[in-house]
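Residue strings, one per chain:
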Amino acid sequence: MEDEPVNIREYEEVAKQVLPKMIFDFYNGGAGDEYTLRENMEAYKRIMLRPRILVDVGRIDMSTTLLGYKMQSPIMVAPTGMHKYAHPEGEVATARAAAACNTLMVLSFGSSRKIEDVASSCNAVRFYQLYVYQKREVSATLVRRAEEYGFKAILLTVDTPRLGRREKDIKNKFILPQLSNLEGLVSVDVGPKRGSDLEAFASQTLDPSLCWNDIDWLRSITSLPIILKGIISAEDAIKAVEMGVSGIVVSNHGARQLDYSPATISVLEEVVKAVSGAVPVLIDGGIRRGTDVFKALALGAKAVLVGRPILYGLAAKGEKGVKSVLKMLQSELELTMALCGTTSINKITRKHVQTEGDRLRSLL
């Protein structure tokens, strides 16, 4: 009997072994030199924990709420595309695992399973990730379907006026499968093969004119709360609040868009301070440990979204692997909370972490 993975890094190694190179590189790769891809993870390592001792930690409560929906822990499933490349059941397996762990899943626009299939797979709270297409009716149709089938919020991705330069996909000549939710709406036939199908598809379909005024357009076609995904500056966070959105995701698109943009954890506090509690702030990118989750919460995140680790688990062991990854992160977070003397999420404070900036200021 082979050894079970005991951390996310080991799940990544299993995924690398079982997936074709084109698929693993698509899931795991970043933009350009992949500096931001590495920095997303390295930045967490530069944040130290400051535990409190002699606290009764006999009972730890990790539960939290987002937009009124209760979760077992502040660890959510981020929107990532084409899960059938990792496992035949695709996003249905992921959805069932998320439901079993009592957490929220965000379904990607690039899902390889239909909105309807995921919705009927299990009883759970889910959000839907949206891109805006040049043909606005395509986006409107997807929003209507998500709302009809019980999705509770729209995560509008706002950092992709054009697709980032993902050189591994270009070199591998990444093949874009038919995306189930776009059948009858948009063709994925991108013409003669010159590099990555995804790059060609994005340039032909996504709307580079998307701007702040389009938040009102989206609000006009749905009653669902709108969360903006892809904010990494105080200026944009303040503008988002002024536009009346219901939440913000601090995200650099898993370092797949603009290389040399900052690691998300390094700008989280800036965004949190800018919104001053007006809306919940979430974060994704680089989360591989329960300690990372704790650090993000201490710097003001309401919850975290986990992307690549979910794909590793799915590739390695299907639904069971996704559940294992989620439970692994939950268990690590619970242990970190206990060792830091925090018995509930709302007791995790800024004083429980020390950033590089804190250390530099202490030397002045």
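Residues numbered from 1 in each chain as written. Predicted model: local features only at pLDDT ≥ 70, side-chain atom pairs only at ≥ 80, totals over all residues. Heavy atoms only, no water.

Enquirer: Which residues make up the packing of helix α1 (residues 8-18) against helix α13 (residues 308-339), and what are the values?
Expert: It is the contact of α1 with α13, at a shortest axis distance of 10 Å, that shows an interaxial angle of 170°. By the criterion of interaxial angle, the relationship of α1 to α13 is roughly antiparallel. Every residue of α13 that contacts α1 at I8, Y11, E12, V14, A15 and V18 is listed here: P309, Y312, G313, A315, A316, K317, G321, S324, V325, M328 and L329. (Axes fitted to C-alpha atoms, helices over the stretch in contact; angles between N-to-C directions. Helix = DSSP H or I, 4+ residues; strand = E, 2+ residues; numbered from the N terminus. Parallel < 35°, antiparallel > 145°, perpendicular 65-115°, else oblique. Contact = heavy atoms within 4.5 Å.)

Enquirer: Let's hear about the layout of surface pockets: which residues, and what values?
Expert: To find leftover empty space, one rolls a probe the size of a water molecule over the atoms. Reported here for the largest pocket is a volume of approximately 520 Å³. Secondary structure elements with two or more residues in the lining of the largest pocket: β7 (154-157) and β8 (226-231). Here the residues of the lining of the largest pocket are counted per class, giving 15 nonpolar, seven polar and four charged. (1 Å grid on protein atoms, 1.4 Å probe; cavity = no way out; pocket = protein on both sides within 12 Å on 5 of 7 lines; lining within 4 Å. Points joined across faces, edges and corners; volume = space filled by probe spheres on them. Nonpolar A, V, L, I, M, F, W, Y, C, P; charged D, E, K, R; others polar.)

Enquirer: Now, about empty space enclosed by the protein: what can you tell me, with residues and values included?
Expert: Going through the model one piece at a time under the given rule, you end up with three cavities of 30 Å³ or more. Within this model, the largest cavity holds a volume of roughly 550 Å³. Around the largest cavity, the lining comprises 35 residues; the ones closest to its centre are P79, T80, G81, H253 and R256. Counted by class, the lining of the largest cavity contains 17 nonpolar, twelve polar and six charged residues.

Enquirer: How would you summarise the state of the cysteines if you had to cite specific residues and measurements?
Expert: Counted according to the given criterion, the structure contains zero disulfides. Not engaged in a disulfide, the cysteine C122 finds its nearest cysteine sulfur in C101; these two sulfurs lie 11 Å apart. The class for C122 is buried, based on a relative accessible area of 18%. (Disulfide = S-S within 2.5 Å. Buried < 20%, exposed > 50% of the residue type's maximum accessible area, 1.4 Å probe, protein only.)

Enquirer: So what's going on with helix α2 (residues 21-28)? Residues and values would help.
Expert: The α-helix winds at 3.6 residues per turn, so residues separated by three or four positions along the chain end up facing the same way. The buried fraction of α2 is high, at seven of eight residues. Three or more residues of α2 are buried, namely M22, I23, F24, D25, F26, Y27 and N28. Next to the buried residues of α2 lie α1, α3 (35-45), α7 (167-172), α8 (197-205) and α13.

Enquirer: Pulling in residues and values, what's your account of the environment of S180?
Expert: Looking at where S180 falls in the secondary structure, it is placed in the loop between α7 and α8. Sequence spacing of S180 and G110 is 70 residues, and the spatial spacing of their C-alpha atoms is 8.3 Å. Not counting residues up to four positions away in its chain, the partners in contact with S180 are S111, S112, R113 and K114.

Enquirer: An account of the packing of aromatic side chains is requested, with residue identities and associated values reported.
Expert: Summed over the entire model, instances satisfying the criterion amount to seven aromatic pairs. Taking 5.7 Å as the distance between ring centres and 45° as the angle between the ring planes, the aromatic pair formed by F26 and Y27 counts as tilted. Each ring, one from Y85 and one from F174, has its centre 6.1 Å from the other, and the planes form 75°; the classification is edge-to-face. A residue pair is termed long-range when its members are at least 10 positions apart, and Y85 in the loop between β4 (75-77) and α4 (91-100) and F174 in the loop between α7 and α8 qualify at 89 residues. Here the basic side chain of R126 rests over the ring of F151, its NZ or CZ set 5.9 Å away from the ring centre. A cation sits over an aromatic face here: R136 above W217, 4.9 Å from the ring centre. (Phe/Tyr/Trp six-rings, centres within 6.5 Å; stacked < 30°, edge-to-face > 60°. Lys NZ or Arg CZ within 6 Å of the ring centre and 35° of its normal.)

Enquirer: Describe the environment of D207, and please don't skip the residues or the numbers.
Expert: Topologically, D207 is positioned in the loop between α8 and α9 (214-221). Residues D207 and Q134, spaced 73 residues apart in sequence, show a C-alpha to C-alpha distance of 4.4 Å. If sequence neighbours within four positions are ignored, D207 has contacts with V132, Y133, Q134 and R136. Side-chain polar atoms of D207 contact the side chain of R136, separated by 2.9 Å. (Polar contact = N/O pair within 3.5 Å; in protein donor to acceptor, adjacent residues only side chain to side chain.)

Enquirer: So what about the packing of helix α6 (residues 136-148) against α9? Which residues, and what values?
Expert: Remark: α6 packs on α9, axes separated minimally by 10 Å, with the N-to-C direction vectors making an angle of 45°. Between α6 and α9, the crossing angle belongs to the class labelled oblique. Note that α6 runs across α9; the crossing there is right-handed. Mapping the contact onto sequence places R136, S139, A140, V143 and E147 in α6 and D214, W217, L218 and I221 in α9. (Left-handed = near helix turned anticlockwise from the far one by under 90°.)

Enquirer: So what about the pattern of salt bridges? Which residues, and what values?
Expert: Enumeration over the complete set of coordinates arrives at 20 salt bridges. For the salt bridge of E39 with R46, the shortest nitrogen-to-oxygen distance reads 2.2 Å. E116 serves as the salt-bridge partner of R145, at 3.0 Å between the closest nitrogen and oxygen. In this pair, R145 sits in helix α6 while E116 sits in helix α5 (residues 115-121), placing the two residues 29 residues apart along the sequence. Through salt bridges with shared partners, one network takes in E269, R350, D358 and R361. (Salt bridge = Lys/Arg side-chain N within 4 Å of Asp/Glu carboxyl O.)

Enquirer: Break down the environment of R194 for me, with residues and values.
Expert: Counting through the fold element by element, R194 comes out in the loop between α7 and α8. R194 gets classed as exposed once you look at its relative accessible area, which sits at 71%. Distance from R194 to C122, taken between C-alpha atoms, is 40 Å for residues 72 residues apart in sequence.

Remember that the coordinates give geometry; whether it matters functionally is a separate question.
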